[in-house]
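Geometric and topological summary
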Amino acid sequence: MRRFAMDQAEAIVKSIPCAVYAPVEKDALVTYERFEDGMTLRLDVTSPDKSPKDVLFPQWENLMHFRMEGKTIEITEQQRCDEDYVIFGMRACDIKAFEVLDKVFLAEPVDTYYAARRQHGTIVALACGEPVESCFCKNFGVDPANPKADVVMWLVGDEYYCQAYTGKGEALMAAWETQEADEMPVDWAKGEIEKKYDALPFAKLNLNGFDGEHLQELFDSPKWKKLSLACLGCGSCTFSCPTCQCYDIRDYDTGHGVQRYRCWDSCMYSDFTMMAGGQSRPTQLERYRQRFMHKLVYFPANNGGMYSCVGCGRCVRKCPQNLNIVKVIKALGEDEK
């Protein structure tokens, strides 16, 4: 166990010899960005407005370029990530979200763009000393006091205590200016974190029955109509969610060829998966139900009980209509299953 002063954090980040993504202020928000001189590091924000998901799965990325000369087509693939990087200050819920994304993008056939980024990354986690009222991560097996990462940090008083758990983590910490530390303050901090999270409004949600065994029962619930009535289909929930993985693939005429790229999409949009025959889910009720059935029923049924929600609370804070997964869980959890 090592420790360093809280006001050394920025110097630690700057000393890392590769790209570092960290929570910083940007356009009145706190979001994970590639850290550069002049940016304001915000490790004090427990749940940044935007998760670090797009470090692994960018909001848009080029896939390949097509160039035609006569009847000859030249195809150039986008180079995969080949540089090491560090995500600094990640919270336990967002780390759990990476595990959800792994289930999707590392399953056969492996998404090689995602796999390359995953391979080159090192994660430095920060335990959540001050929870946000909208957090409910413990319902989904997330431990905010003990994140799973290459390096984990705990803020105790005005010092960060840090511990490496992997070879990557040990190599990274070797260059940090730190001092030997006792584990007792960290043990105390963990206990305090547990107490704070157990006292949150959404600390104990009823997830009984949200599984493949009750699929039809939940799908046919008449409560979906009332739950979805105010939904605007704006996609705020999906774009702020650290586990949503829907994307579209598009072609763009550059004037010198065609650039193929992919970008995030949302199952809440009326044109999502639109085909020549129309939309397979033509009503907002059906699209709303699909989103939450996937999070709470379809995904865990096909992935050993792992939910596609990590309880980060971003959808609770971002929805302009105050619709979110907590309301769905509470409404459907009241039914006898």
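First things first, this report covers the structure right here in the doc.

How each quantity is defined
- Residues numbered from 1 in each chain as written.
- Predicted model: local features only at pLDDT ≥ 70, side-chain atom pairs only at ≥ 80, totals over all residues.
- Heavy atoms only, no water.
- Helix = DSSP H or I, 4+ residues; strand = E, 2+ residues; numbered from the N terminus.
- Rg over C-alpha atoms; globule rule 2.2 N^0.38 Å.
- Buried < 20%, exposed > 50% of the residue type's maximum accessible area, 1.4 Å probe, protein only.
- Contact = heavy atoms within 4.5 Å.
- Pairing = 2+ DSSP bridges.
- Axes fitted to C-alpha atoms, helices over the stretch in contact; angles between N-to-C directions.
- Parallel < 35°, antiparallel > 145°, perpendicular 65-115°, else oblique.
- Nonpolar A, V, L, I, M, F, W, Y, C, P; charged D, E, K, R; others polar.
- Core = buried A, V, L, I, M, F, W, Y, C linked by side-chain atoms within 4.5 Å.
- Patch = residues over 30% accessible without salt bridge, like charges linked within 9 Å, V, L, I, M, F, W, Y side chains within 5 Å.
- Areas by Shrake-Rupley, 256 points an atom, 1.4 Å probe, with all protein chains shown as cover.
- Salt bridge = Lys/Arg side-chain N within 4 Å of Asp/Glu carboxyl O.
- Arc of directions from axis to C-beta.
- Polar contact = N/O pair within 3.5 Å; in protein donor to acceptor, adjacent residues only side chain to side chain.

Counting its regular elements, the protein contains 12 helices and 12 strands. Relative to the 2.2 N^0.38 estimate, which gives 20 Å for 337 residues, the radius of gyration of the protein is 22 Å and therefore close to what a compact globule would have. Its C-alpha atoms give the protein principal-axis dimensions of about 65 × 65 × 35 Å. Each of the 337 residues in the protein was classed as buried or not, and the buried ones make up 50%. Pairs at least 24 apart in sequence give 71% of the contacts found in the protein among residues at least 6 apart.

Here we come to the sheet that holds strand S12 (residues 258–264). The 4 strands are arranged S5-S4-S12-S11 in an open sheet whose pairing can be described as antiparallel. Strands with a single pairing partner mark the edges of an open sheet, and in this sheet they are strand S5 (72–77) and strand S11 (247–253). Strand after strand, the sheet turns through a mean of 20 degrees between neighbouring axes, direction not considered. In this structure, strand S4 (residues 60–69) lies alongside S12, joined through 6 bridges in antiparallel fashion. Looking at S12, one finds that Met 64 is bridged to Arg 260.

All right, on to the packing of helix H10 (residues 284–302) against helix H12 (residues 325–333) then. Following both chains from N to C, one finds H10 and H12 inclined at 80 degrees, their axes separated by 11 Å at the closest point. Here H10 is positioned roughly perpendicular relative to H12, judged by the angle of their axes. Residue-level inspection shows Tyr 288, Phe 292, Lys 295 and Leu 296 of H10 in contact with H12, the latter providing Ile 325, Val 328 and Ile 329. When grouped by side-chain class, the residues that make up the contact of H10 with H12 number 6 nonpolar, no polar and 1 charged.

Core analysis: the biggest nonpolar cluster contains 41 residues, and Tyr 85, Ile 87, Met 90, Phe 98 and Tyr 197 have the highest contact counts within it. Every element with two or more residues in this core is listed here: strand S2 (19–26), helix H2 (53–56), strand S6 (85–90), helix H3 (92–105), strand S7 (121–126), strand S8 (151–156) and helix H6 (184–198). Top element by residues in this core is H3. It accounts for 7 residues. Once you skip the residues sitting within four places of it in the chain, Tyr 85 turns out to touch Cys 18, Ala 19, Tyr 21, Val 55, Leu 56, Arg 117, Arg 118, His 120, Gly 121 and Thr 122. Formed by 31 residues, the second largest nonpolar core is a distinct cluster that contains Leu 218, Met 268, Phe 292 and Ala 331.

On to the pairing of strand S9 (residues 159–164). Within S9, 5 of the 6 residues are buried, which leaves the element mostly enclosed by the surrounding structure. As paired elements, strand S1 (residues 2–5) and S9 share 4 bridges and run antiparallel to each other. Bridging from a neighbouring strand, Phe 4 pairs with Tyr 160 of S9. Here S8 folds back onto S9 in antiparallel fashion, the turn holding 2 residues, of which Gly 157 has a positive phi close to 65 degrees.

A few words on a nonpolar patch on the surface. A surface patch of nonpolar side chains, amounting to about 320 Å² of accessible area, comprises Met 68, Ile 73 and Ile 75. Mapped onto the secondary structure, Ile 75 falls in strand S5. According to the relative accessible area criterion, Ile 75 is exposed, its value standing at 52%.

Attention now goes to unusual backbone geometry. Here the residue pair Glu 108 and Pro 109 is connected by a cis peptide bond, since its omega of -5 degrees sits within 30 degrees of zero. With respect to the helices and strands, Pro 109 occurs in the loop between H3 and helix H4 (112–120). One non-glycine residue with positive phi stands out, namely Ala 28, at about 70 degrees. Structurally, Ala 28 is set in the loop between S2 and strand S3 (29–34). Of note in the backbone geometry, Asn 322 takes a positive phi value of approximately 60 degrees without being a glycine. Classification of Asn 322 by relative accessible area gives partly exposed; the value is 43%.

What follows covers the environment of His 65. Residue placement: His 65 occurs in strand S4. Once the C-alpha coordinates of His 65 and Thr 166 are considered, the two residues, 101 residues apart in sequence, prove to be 38 Å apart. Non-local contacts of His 65, meaning those with residues more than four positions away in its chain, are made with Glu 74, Ile 75, Thr 76, Thr 254, His 256, Gly 257, Val 258 and Gln 259.

As a further point, take H4. All of the buried residues along H4 are Tyr 113, Tyr 114, Ala 116, Arg 117 and His 120. Each buried residue of H4 sits inside an arc of 160 degrees when the element is viewed along its axis, so together they form one side. Among the residues of H4, the N-terminal cap falls to Asp 111, whose side-chain oxygen and the backbone nitrogen of Tyr 113 are separated by 3.1 Å.

Moving on, we get to the sheet that holds S3. Here we have 8 strands laid out as an open sheet, ordered S3-S2-S6-S7-S8-S9-S1-S10, and mixed in their pairing. Strands at the two margins of the open sheet, each flanked by one partner only, are S3 and strand S10 (179–180). Across 5 bridges, S6 lies against S7 in parallel orientation. Its bridge partner lying in S7, Tyr 85 is registered against Gly 121. Relative to the sheet, H3 contacts S3, S6 and S7, its axis offset from that of S6 by approximately 135 degrees. H4 rests against S6 and S7 of the sheet, and its axis sits at about 60 degrees to S7.

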